[in-house]
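Listed here are the chains, written in short residue letters.
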Amino acid sequence: MIRSVVRGVGQALPRKVMKNAEFESLVDTSDEWIVQRTGITQRYIAAEDETTASLGEAAARAALDDAGLSPADIDLIILATSTPNNTFPATAVEIQERLGMRHGFAFDMQAVCSGFVYAVATADTYIRGGMAKRVLVIGSETFSRILDWTDRTTCVLFGDGAGAIVLEAQAGEGTRSDRGILSASLRSDGSHREKLFVDGGPSTTGTVGHLRMEGREVFKHAVGMITDVVEDALAQGGITAEELDWFVPHQANKRIIDASAKKLGIADDKVVVTVHLHGNTSAASVPLALAAAVADGRIKEGDYVLLEAMGGGFTWGAVLLRW
Ligand code: ACO
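Residues numbered from 1 in each chain as written. Predicted model: local features only at pLDDT ≥ 70, side-chain atom pairs only at ≥ 80, totals over all residues. Heavy atoms only, no water.

**A look at the nonpolar core**
- The biggest cluster of nonpolar side chains holds 45 residues, and the ones touching the most others in it are Val 230, Leu 234, Phe 247, Ile 266, Leu 306 and Met 310.
- Contributing elements (two or more residues each) for this core: helix H6 (215-237), helix H7 (254-264), strand E12 (304-311) and strand E13 (315-322).
- Taken domain by domain, the makeup of this core includes at least three residues from each of domain 1 (2-171) and domain 2 (180-322).
- If we skip the residues at most four places from it in the chain, Leu 234 touches Ile 239, Thr 240, Ala 241, Leu 244, Leu 306 and Leu 320.
- Of all hydrophobic cores here, the second largest spans 37 residues; its members include Ala 80, Trp 246, Val 248 and Ile 299. (Core = buried A, V, L, I, M, F, W, Y, C linked by side-chain atoms within 4.5 Å. Buried < 20%, exposed > 50% of the residue type's maximum accessible area, 1.4 Å probe, protein only. Helix = DSSP H or I, 4+ residues; strand = E, 2+ residues; numbered from the N terminus. Domains from an automatic or database assignment. Contact = heavy atoms within 4.5 Å.)

Here it is in structure tokens:
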């Protein structure tokens, strides 16, 4: 059978780092509160010339370099984002143009913080269905542009950045020993809309709007939803939580990551954490964490890796793969 194997990984971050202390002059908060409640110490903030497309392009180029491939080798680009450069065309198409690609096809995927996990699962279906041999999957966000910088309950939590992987069709045996994506589990439930949404859009207000979140309500649901999809993906893939080598969760809050890992029975030293450095970068958070753990040599060929995310919608999902 055909498996979607990761050939390369890349990342890109804006030039400017914003430390927690810088918020103390903007809103009534403190470095101590932010670290204690979230684990975040800093985040990256895009300058005017840094956009979802430019960051996505840079991450894509890094992933292609890592794979030893060029844009000519790619059939499909899927960009996970909730902060596109324009309402349309899709920012994925802009990235396609920036990469000098005039072949294949490209589209955006919108599942907020779960976007990258949704995009990886979608790329896998295109590859296994035979419509694409190599897919560039990108998560790129500039959430700083949709934050209400006067709202201390949200503005301290998010950051900008991009991560990307190249997935390639390779032959497998159909067993858990294969490299590549072994299983995926995706869920959504629109009844939770009011807990996490952006109060604007082309068809309602005609504006972009700002992010609104009832953080405590999101927190209450997060751990249960995350553990459900992770257990489903593990069961489908025939892997136990103890057999996992690396857990790469969405980086929203260190407390949510710790509680999820504990409930799943995953040891702390198998959990990849970058939330302290990046904040919550929505669809970019999982590929940024993945890129960090690959770059420093933690994730190695043959490892069982579990990607997981939960976000606005609500949407949530998990992907199990063998590196
Ligand atoms: N600085 C200081 N005090 C603050 C701040 C701040 N930045 N923000 C809120 N507070 C205050 C609140 O006003 C509240 O004060 P009160 O008790 O007087 O009312 C107090 O701190 C506690 O607030 P809580 O909301 O109960 O704090 P909590 O411990 O729940 O932490 C947080 C808040 C960090 C937002 C947490 O709830 C969380 O991480 N939620 C989940 C976020 C998430 O996972 N989102 C999903 C993905 S995002 C996406 O999809 C786009």
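**Regarding the site of the ligand**
- Residues in close proximity to the ligand total 28 residues, the closest being Thr 29, Arg 37, Cys 113, Arg 216 and Asn 253.
- Contacts to the ligand include Gly 312, whose backbone N or O atom sits 2.9 Å from an oxygen atom.
- Look at the ligand: alone it shows 1000 Å² of surface, and the protein chains cover 79% of it.
- Sorting the residues of the shell around the ligand by element identifies helix H1 (31-38), helix H5 (152-155), H6, H7 and E12 as the ones contributing at least two each.
- Split by residue class, the shell around the ligand holds 14 nonpolar, 9 polar and 5 charged. (Near = heavy atom within 4 Å. Polar contact = N/O pair within 3.5 Å; in protein donor to acceptor, adjacent residues only side chain to side chain. Areas by Shrake-Rupley, 256 points an atom, 1.4 Å probe, with all protein chains shown as cover. Nonpolar A, V, L, I, M, F, W, Y, C, P; charged D, E, K, R; others polar.)

**Side note on the domain arrangement of the protein**
- Per the domain assignment, the segments of the protein are domain 1 (2-171) and domain 2 (180-322).
- A C-alpha centroid distance of 14 Å is found between domain 1 and domain 2.
- Domain 1 puts 51 residues into the contact, and the matching count from domain 2 is 49 residues.
- Both faces considered, domain 1 and domain 2 share a buried interface measuring about 3700 Å² in area, 67% of it formed by carbon and sulfur atoms. (Buried area = accessible area lost by both parts, 1.4 Å probe.)

**Some points on the side chain of Glu 57**
- With respect to the helices, strands and loops of the structure, Glu 57 is situated in helix H2 (residues 52-67).
- When its relative accessible area of 16% is taken as the criterion, Glu 57 is described as buried.
- Not counting the four nearest positions on each side in its chain, Glu 57 is found in contact with Ile 95, Arg 98 and Leu 99.

**Details of the side chain of Asn 253**
- Along the polypeptide, Asn 253 turns up in the loop between strand E11 (246-249) and H7.
- Asn 253 sits in the buried class, given a relative accessible area of 10%.
- Every residue in contact with Asn 253, bar those within four places of it in the chain, is listed here: Arg 37, Thr 38, Phe 219 and Val 275.

**Here we look at the sheet that holds strand E7 (residues 160-171)**
- Across the sheet, which stays open at both edges, the 5 strands sit in the order E1-E7-E6-E4-E5 with mixed pairing between neighbours. A single partner strand is all that each edge strand has here, and the edge strands are strand E1 (2-12) and strand E5 (105-109). Recorded for the sheet is a direction-independent mean angle of 20° between the axes of neighbouring strands.
- Pairing of strand E4 (residues 76-80) with strand E6 (residues 134-142), which is carried by 5 bridges, proceeds in the parallel orientation. Residue pairing for E6: Ile 77 is matched across the bridge by Leu 136.
- Where H2 meets the sheet, its contacts fall on E1, E4, E6 and E7, and the angle it forms with E1 comes to roughly 120°.
- Contacts between helix H3 (residues 91-98) and the sheet are confined to E4, E5 and E6, with E5 contributing the most and set at about 140° to the helix. (Pairing = 2+ DSSP bridges. Axes fitted to C-alpha atoms, helices over the stretch in contact; angles between N-to-C directions.)

**Examining the packing of aromatic side chains**
- Counted by the stated rule, this structure contains 5 aromatic pairs.
- An angle of 5° between the planes, with centres 5.9 Å apart, marks the rings of Phe 23 and Trp 149 as stacked. Linking Phe 23 in the loop between strand E2 (16-19) and H1 with Trp 149 in the loop between E6 and H5, this pair joins segments that are 126 residues apart in sequence.
- For the pair Phe 105 and Tyr 126, a centre-to-centre distance of 5.8 Å together with 55° between the ring planes defines the contact as tilted. With Phe 105 in strand E5 and Tyr 126 in helix H4 (residues 115-128), the pair connects residues that are 21 residues apart, well separated along the chain.
- Using a relative accessible area of 29% as the deciding quantity, one classes Phe 105 as partly exposed.
- Tyr 126 sits in the partly exposed class, given a relative accessible area of 23%.
- Members of the aromatic cluster, joined through ring pairs, are Phe 105, Phe 107 and Tyr 126.
- The ring of Trp 246 is capped by Arg 298, whose NZ or CZ atom sits 6.0 Å from the centre of that ring.
- For the cation-ring pair, Arg 322 lies above Tyr 304, with the distance from its terminal atom to the ring centre recorded as 5.2 Å. (Phe/Tyr/Trp six-rings, centres within 6.5 Å; stacked < 30°, edge-to-face > 60°. Lys NZ or Arg CZ within 6 Å of the ring centre and 35° of its normal.)

**Re the environment of Trp 323**
- Within the element layout of this structure, Trp 323 appears in the segment after E13.
- In this structure Trp 323 comes out as buried when scored by relative accessible area, which is 10%.
- The spacing of Trp 323 and Val 271 is 52 residues in sequence and 16 Å in space, taken between C-alpha atoms.
- Apart from residues lying up to four places away in sequence, Trp 323 is in contact with Val 6, Val 9, Arg 179, Leu 290, Val 294, Ile 299, Lys 300, Glu 301, Gly 302, Asp 303 and Val 305.

**Structural notes on the pattern of salt bridges**
- With the rule as written, the count across this model stands at 20 salt bridges.
- One salt bridge connects Arg 7 with Glu 168, and the closest N-O pair in it is separated by 2.8 Å. A residue pair is termed long-range when its members are at least 10 positions apart, and Arg 7 in strand E1 and Glu 168 in strand E7 qualify at 161 residues.
- Since its relative accessible area comes to 8%, Glu 168 is described here as buried.
- Across the pair Arg 134 and Glu 168 runs a salt bridge, and its minimum N-O distance is 2.5 Å. Of this pair, Arg 134 sits in strand E6 while Glu 168 sits in strand E7, placing them 34 residues apart in sequence.
- Look at the salt bridges and you will find they share partners, linking Glu 57, Arg 61, Glu 94 and Arg 98 into a network. (Salt bridge = Lys/Arg side-chain N within 4 Å of Asp/Glu carboxyl O.)

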